[in-house]
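# Observations on chain architecture
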Amino acid sequence: MVNAIIAPSMLSSDFANLASEAQRMLNCGADWLHMDIMDGHFVPNLTLGAPVIESLRKHTKAYLDCHLMVTNPLDYVEPLGKAGASGFTFHVEASRDNWQELVQRIKSKGMKPGVSLKPGTPIEEVYPLLDGENSVELVLVMTVEPGFGGQKFMPEMMDKVCTLRKKYPSLDIEVDGGLGPSTIEAASSAGANCIVAGSSVFGAPDPAQVITLLRNSVEEAHKSS
């Protein structure tokens, strides 16, 4: 049985008040805080990096779930480990040649290794990273094109989630992009247990209510599966 994990995306928060926004989400029932790290190369946008993670870490003990949308993830392992990142999820498209070394280094820095894939990447590409001895511990299925917040959920990505859940019953399967009250059922019934939600949580009049709704949907789906 996998746990329901709700991870508000801090990309949708007020960056000028990151520490208080993080605490607000935790008070509303968040399990993890999802941190989007973009380099302006792998994706067009540019966001926060290790110095921001380090600053936030001084204000919270929360699990900082870092999603690396970068061309050279290996370059980020050391600085993010030092900064206090909890999870380090890299893209399979950026690490086809060195993922084994990457996973080893991530683990050596005490972080949880995860792999992500873009909508156009076949799910089969992550199998080698799950089947070997030095495996990742989480797969993040992007349900939008990575790089920008506020995009529309792509329901056709749920086939990937279904396939993964059947093959790896105890795996943490994360979904990111357009998740909220209207799309959570599709994701939870497909088998996703880690839910990243940005604007649907931060833009809600009552974020705690949305987080509870997302969690209940995941728990109900896993009970009945």
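About the thresholds
Numbers given to residues run from 1 along each chain, matching the order in which its sequence is written. Note on the predicted model: pLDDT of at least 70 is required for a residue's local features to be given, and 80 or more for side-chain atom pairs to be given and counted; whole-chain, interface and lining totals, by contrast, use all residues. Hydrogen atoms and water are omitted, and side-chain values are computed over all heavy atoms in the structure. The rule is simple: take the accessible area with a 1.4 Å probe, protein chains only, and divide by the maximum for that residue type; under 20% is buried, over 50% is exposed, in between is partly exposed. Labels follow the DSSP assignment, with helices taken as runs of H or I lasting at least four residues and strands as runs of E lasting at least two, numbered in each case from the N terminus. The rule for pairing is simple: two strands pair if DSSP sees at least two bridges between them. N or O atoms within 3.5 Å of each other form a polar contact, as long as, within protein, one can give a hydrogen and the other can take it, and as long as residues adjacent in sequence are counted only when both atoms are side-chain atoms. UniProt positions are given in the numbering used here, feature names are shortened, and annotations may be inferred rather than shown by experiment. Residue contacts are counted whenever heavy atoms from the two residues lie within 4.5 Å of one another. Two rings from Phe, Tyr or Trp (for Trp, the six-membered ring) form a pair when their centres sit within 6.5 Å of each other. Planes less than 30 degrees apart are called stacked, planes more than 60 degrees apart edge-to-face, and all others tilted. Criterion for a charge above a ring: Lys NZ or Arg CZ within 6 Å of the ring centre, and within 35 degrees of the ring normal.

Before going further, it helps to examine the pairing of strand 6 (residues 138–142). Judged by how many residues are buried, strand 6 sits mostly within the fold: five of five residues are covered. Side-chain alternation along strand 6 places Leu 138, Leu 140 and Met 142 on one buried face and Val 139 and Val 141 on a second face that is also buried. Taken together, the four bridges between strand 5 (residues 112–117) and strand 6 define a ladder with parallel strand orientation. For Ser 116, the partnering residue across the bridge sits in strand 6 and is Leu 140. Here five bridges tie strand 6 to strand 7 (residues 172–176), and the two strands are oriented parallel to one another.

Glancing now at the environment of Thr 212. Here Thr 212 lies in helix 9 (residues 207–224). For the pair Thr 212 and Phe 15, spaced 197 residues apart in sequence, the C-alpha to C-alpha distance is 24 Å. Here the side chain of Thr 212 touches Ala 208 through a polar contact of 2.9 Å, landing on its backbone oxygen.

Those residues carrying the UniProt feature "binding site: substrate" (unreviewed entry) are Ser 9, His 67, Gly 147, Phe 148, Gly 149, Gly 150, Gly 178, Gly 198 and Ser 199 in this numbering. If you trace the backbone, Ser 9 turns up in the loop between strand 1 (5–8) and helix 1 (18–27). Sequence-distant contacts of Ser 9, that is, excluding residues within four places in its chain, are made with His 34, Asp 36, Val 196, Ala 197, Gly 198 and Phe 202. Looking at the secondary structure, you find Gly 198 in the loop between strand 8 (194–197) and helix 8 (199–202). The class for Gly 198 is buried, based on a relative accessible area of 13%. Sequence-distant contacts of Gly 198, that is, excluding residues within four places in its chain, are made with Ser 9 and Ser 12.

Moving on, we get to the packing of aromatic side chains. Under the defined criterion, the tally for this structure stands at two aromatic pairs. Residues Trp 32 and Tyr 63 carry aromatic rings whose centres are separated by 4.1 Å and whose planes lie at 20° to one another, so their mutual orientation is stacked. Taken as a pair, Trp 32 in strand 2 (residues 32–38) and Tyr 63 in strand 3 (residues 63–69) lie far apart in primary sequence, 31 residues in all. The exposure class of Tyr 63 is partly exposed, given its relative accessible area of 22%. Seen from the ring of Phe 42, Lys 118 lies directly overhead, with NZ or CZ sitting 4.4 Å from the centre. Cation over ring: Lys 167 sits above Tyr 127, and NZ or CZ is 4.8 Å from the ring centre.

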